[in-house]
Amino acid sequence: MSQQSEDKEERTDERLEVQRLVAAPASAIFAVLSDPQGHVDIDSSGMLMDATGEPVGALGDRFVVHMDREALGDLPMGEYDVEVVIERFDRDREIAWSTIGTIRPPIGHVYGYRLEPAHDSPGNGSRTLVTSYYDWSTAREEWKAVFPVISEQHLKGTLGILARTVVRRLRAA
């Protein structure tokens, strides 16, 4: 099966989802996704500049991401910080978070990843179907008109960078 036919995307009016088959076990992928610096490493939007905090291990855990909105060229926000709050945490299966930034109360959108083991065939090694999603259905009504801020292409790009990052980390280990 070609990579193109294995990659899928879904769009609704208030949610984007993209998928990619990654040649790595879910545990290796989840290690990147639960690490604050991993978020910076895989970002394709160019907004995430750095992160501080420890890898997350439970619902409600938090870390800070140092952002620069200028990469998108849409709003002159410059550099700012957001606090990432883990909203879903199912080790090696799903992680999702909301952000608390300069806008109060928080806008209410969610980013996340679902990981599903792929049926392996001999010689392929461990593979995982990774679904990246971006959901603003729970965002405050007065902010919904600005979405999506991150494009479907950014989500796809981040999955590509995630695949590369995980494979490189596995080789280095």
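For the structure, check the block above.
Residues numbered from 1 in each chain as written. Predicted model: local features only at pLDDT ≥ 70, side-chain atom pairs only at ≥ 80, totals over all residues. Heavy atoms only, no water.

Engineer: Teacher, can you tell me more about the overall build of the protein chain here?
Structural biologist: Scanning the protein chain from N- to C-terminus turns up four helices and eight strands. When the helices and strands of the protein chain are read in sequence order from the N terminus, they spell out α-β-β-α-α-β-β-β-β-β-β-α. The C-alpha radius of gyration computed for the protein chain amounts to 16 Å, which stays within 12% of the reference 16 Å derived for 173 residues, consistent with globular compactness. C-alpha extents for the protein chain along the principal axes are approximately 50 × 35 × 30 Å. In the protein chain, of all internal contacts separated by at least 6 residues, the share reaching a separation of at least 24 is 50%. (Helix = DSSP H or I, 4+ residues; strand = E, 2+ residues; numbered from the N terminus. Rg over C-alpha atoms; globule rule 2.2 N^0.38 Å. Contact = heavy atoms within 4.5 Å.)

Engineer: Would you explain the pairing of strand β7 (residues 110-117) in this entry?
Structural biologist: Side-chain direction in a regular strand flips from residue to residue, so the side chains alternate between the two faces of the sheet. Pairing between strand β6 (residues 94-100) and β7: five bridges, direction antiparallel. Bridge pairing links Ser-98 to Val-110 in β7. Bridge count for β7 against strand β8 (residues 128-135) is eight bridges, and the pairing is antiparallel. The residue bridging Glu-116 from the neighbouring strand is Leu-129, located in β8. (Pairing = 2+ DSSP bridges.)

Engineer: How should I be thinking about helix α4 (residues 152-172) in this particular structure?
Structural biologist: One full turn of an α-helix is made of 3.6 residues, so residues set three or four places apart face in the same direction. In this model α4 runs 30 Å from its N-terminal to its C-terminal C-alpha over 21 residues, within 8% of the 30 Å that 1.5 Å per residue would give. Among all positions in α4, only Leu-155, Thr-158, Leu-159, Ile-161, Leu-162, Ala-163, Thr-165 and Val-166 are buried. The elements touched by buried residues of α4 are β2 (15-22), α2 (26-33), α3 (36-42), β7 and β8. (Expected span 1.5 Å × (residues − 1). Buried < 20%, exposed > 50% of the residue type's maximum accessible area, 1.4 Å probe, protein only.)

Engineer: Would you mind showing me how to read the nonpolar core here?
Structural biologist: Note that soluble globular proteins tend to have their nonpolar side chains buried in a common cluster. Ranked by size, the top nonpolar core spans 41 residues in total, and within it Ile-29, Tyr-113 and Leu-162 carry the most contacts. Setting aside chain neighbours within four positions, we find Ile-29 in contact with Val-22, Ala-24, Leu-115, Thr-128, Val-130, Leu-162 and Val-166. (Core = buried A, V, L, I, M, F, W, Y, C linked by side-chain atoms within 4.5 Å.)

Engineer: Is there a simple way to explain the pairing of β8 in this structure?
Structural biologist: In terms of burial, β8 is a largely internal element, eight of the eight residues being buried. Burial along β8 is two-sided: Thr-128, Val-130, Ser-132 and Tyr-134 and Leu-129, Thr-131, Tyr-133 and Asp-135, pointing in opposite directions, are all buried. Pairing geometry for β2 and β8, over eight bridges, is antiparallel. Bridge pairing links Leu-16 to Tyr-134 in β8.

Engineer: What's the story with the environment of Phe-63 in this structure? I'm lost.
Structural biologist: Turning to its location among the elements, Phe-63 is positioned in strand β4 (residues 62-68). Judged by its relative accessible area of 3%, Phe-63 is buried. Separated by 39 residues in the primary sequence, Phe-63 and Thr-102 place their C-alpha atoms 15 Å from one another.

Engineer: Any chance you could explain the pattern of salt bridges here in plain terms?
Structural biologist: As a working rule, side chains carrying opposite charge can pair if their charged atoms are close by. Going through the model one piece at a time under the given rule, you end up with ten salt bridges. Of the charged contacts, one joins Arg-114 and Glu-17 as a salt bridge, the two residues approaching to 3.4 Å between their closest N and O atoms. One end of the pair, Arg-114, is in strand β7; the other, Glu-17, is in strand β2, and 97 residues separate them in sequence. Residue Glu-142 pairs with Arg-140 through a salt bridge whose shortest N-O separation is 2.8 Å. For Glu-142, a relative accessible area of 54% translates into the label exposed. Its relative accessible area of 22% is what places Arg-140 among the partly exposed residues. Look at the salt bridges and you will find they share partners, linking Arg-15, Glu-17, Arg-114 and Asp-135 into a network. (Salt bridge = Lys/Arg side-chain N within 4 Å of Asp/Glu carboxyl O.)

Engineer: Quick question: what am I supposed to make of the packing of aromatic side chains here?
Structural biologist: Two numbers describe a pair of aromatic rings. These are the distance of the centres and the angle of the planes. A complete count under the given rule lists seven aromatic pairs for this structure. Here Trp-97 and Tyr-111 contribute two aromatic rings whose centre-to-centre distance is 6.1 Å and whose plane-to-plane angle is 20°, an arrangement assigned as stacked. Of this pair, Trp-97 sits in strand β6 while Tyr-111 is found in strand β7, placing the two residues 14 residues apart along the sequence. Taken together through their ring pairs, the aromatic side chains of Trp-97, Tyr-111, Tyr-113, Tyr-134, Trp-136 and Phe-147 make up a single cluster. (Phe/Tyr/Trp six-rings, centres within 6.5 Å; stacked < 30°, edge-to-face > 60°.)

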